[in-house]
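The lines below spell out each chain.
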Number of protein chains: 2
Amino acid sequence: MLTIGQLSRRTGVKVPTIRWYEQAGLIDEPGRTEGNQRRYGNADLERLAFIRHARDLGLGVEAIRELIELGAHPERPCADADHIARTHLKNVRERIARLRKLEKELARIAACHGETIGECHVLSALADHDQCTSEH
Amino acid sequence: MLTIGQLSRRTGVKVPTIRWYEQAGLIDEPGRTEGNQRRYGNADLERLAFIRHARDLGLGVEAIRELIELGAHPERPCADADHIARTHLKNVRERIARLRKLEKELARIAACHGETIGECHVLSALADHDQCTSEH
DNA sequence: TCTTGAAGCTCTAGTCGCTAGAGGAATTAG
DNA sequence: CTAATTCCTCTAGCGACTAGAGCTTCAAGA
């Protein structure tokens, strides 16, 4: 049996975050001691490691909730879980594409040759979208 | 003189967001009609366009506040504004690097060949960090 | 001049995924 | 038995808006 602090250390999820996951319904309410403290078992450890990993991969809480729900029904088609992962992959790729454009624009902007703000290229570039080389 | 709705249409910033910017101190409190409605001038239009553009480029409100503050003091060294832009560029590059790793990992995970959840690769990959090919 | 409907106003609360702090109770090592 | 540490609940805050309730003002047409 693990205390919440031990669970925290083993999974790398902070204590208040574990309690937050509980109240968000991502992990089951654990048993308690006589003194009302939470005690966790191995199933909780695994569940939390799963959540942690999925969060690290950038999945939202809602997506994780669905995956947990799916995991509880092994007879459902695999395509459902696959779909969630793929949707997320698509999101990530879109975010990368957007950030690449920003990177270009910023790299162009962040190279001022003036001396004082009055002649600063950065501010005028930010003021005037027309100076941009692509849409964003 | 523009109403808040006209200003919104011209800049692409939603009406409640304009009001929020005002209360966050990013734009000055505009004049009002007798009936207490906001009326904006060209300076407001330009300021808002500046904010919109900087937000589109992903700059945070705090950074924008600093840039506005800088813009009000044309004698200050240009390096200050340049620094803000460069710092942000660094952030963007780090985010891109992180997302690239996620993309790889997700692409590997999101390719299940099972039929039902029971044999689904996606869920087990998410449960087990050791299956990952790199840190994240 | 009157009416109508769009657009304006303020205020509060909600979003997401936590994080921080207050104030107190339980546990554990020495 | 004491002292240090960990635990408990509860509330509030972050960033950058967004949504809604309930009301007032404005502008155009009849």
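Here, every reference points to the structure presented above.
The following paragraphs examine the structure supplied in this document. In every chain, residue numbers begin from 1 and rise along the written sequence. Just so you know, chain letters begin at A and ligand numbers begin at 1, following the order they were written in. Local features in this predicted model are restricted to residues of pLDDT 70 or higher, and side-chain atom pairs are both shown and tallied only at a pLDDT of 80 or more, whereas totals for entire chains, interfaces and linings draw on every residue. Side-chain numbers here rest on the full set of heavy atoms in the structure, without hydrogens or water.

Focus on the protein's contact with DNA strand C
We define proximity as follows: a residue is near a molecule or strand when any one of its heavy atoms falls within 4 Å of that partner. Neighbouring DNA strand C are 18 residues, the closest being Trp20 and Arg55 of chain A together with Gly5, Arg19 and Arg38 of chain B. Each atom of DNA strand C within 4 Å of the protein was classed as base or backbone; sugar and phosphate made up 90%. Pairs of N or O atoms within 3.5 Å make up the polar contacts considered here, provided that, within protein, one atom can donate a hydrogen while the other can accept it, and that residues adjacent in sequence are counted only when both atoms are side-chain atoms. With respect to DNA strand C, the side chain of threonine 33 of chain A contributes an N or O atom lying 3.1 Å from a phosphate oxygen. Side-chain polar atom of threonine 3 of chain B to a phosphate oxygen of DNA strand C: 3.1 Å apart, as the coordinates give it. The helix and strand labels rest on DSSP assignments: H or I over at least four residues marks a helix, E over at least two residues marks a strand, and numbering proceeds from the N terminus. Listed by contribution, the elements that provide at least two residues to the surface near DNA strand C are helix H2 (15-23) of chain A together with helix H1 (4-11) of chain B. Of the residues that constitute the surface near DNA strand C, the class distribution is 4 nonpolar, 9 polar and 5 charged. As a working rule, the residues Ala, Val, Leu, Ile, Met, Phe, Trp, Tyr, Cys and Pro are called nonpolar, Asp, Glu, Lys and Arg charged, and the rest polar, with Gly in that last group.

What to know about a positive patch on the surface
Patches here: salt-bridge-free residues with over 30% relative accessible area, like charges joined within 9 Å, nonpolar side chains (Val, Leu, Ile, Met, Phe, Trp, Tyr) joined within 5 Å. A 1.4 Å probe and the Shrake-Rupley method give the accessible areas. Residues count as covered only by the protein chains that appear here. When a carboxyl oxygen of Asp or Glu is within 4 Å of a side-chain nitrogen of Lys or Arg, the pair counts as a salt bridge. Positive charges come from Lys and Arg alone, negative charges from Asp and Glu alone, with His and the N- and C-terminal ends not counted. The atom standing in for a charge is NZ when the residue is Lys, CZ when it is Arg, CG when it is Asp and CD when it is Glu. Taken together, Arg95, Arg98, Lys101 and Lys104 of chain A together with Arg95, Arg98, Lys101 and Lys104 of chain B make up a surface patch of like positive charges. When residues of the positive patch are traced back to their parent elements, those giving at least two are helix H5 (79-109) of chain A together with helix H5 (79-109) of chain B. The residue lysine 104 of chain B is located in helix H5 in this model.

Describing the interface of chain B and chain A
The contact definition used throughout considers only heavy atoms, calling two residues in contact when any of these lie within 4.5 Å. Contacts between chain B and chain A engage 53 residues on the former and 52 residues on the latter. A quick way to say it: buried area is the sum, across both parts, of accessible area lost when two parts are put together, with a 1.4 Å probe. Here chain B meets chain A over a buried area of about 4400 Å², counting both sides, of which 73% is carbon and sulfur. Residue glutamate 103 of chain A pairs with arginine 93 of chain B through a salt bridge whose shortest N-O separation is 2.8 Å. Here chain B is connected to chain A by 15 residue pairs in polar contact (both at pLDDT 80 or more). Breaking the side of chain B that touches chain A down by element, the ones donating at least two residues are helix H3 (42-56), helix H4 (61-71), H5 and helix H6 (121-127) of chain B. The greatest single-element share of the side of chain B that touches chain A, amounting to 19 residues, is contributed by H5 of chain B. When the residues that make up the side of chain B that touches chain A are grouped by side-chain class, the tally is 30 nonpolar, 10 polar and 13 charged.

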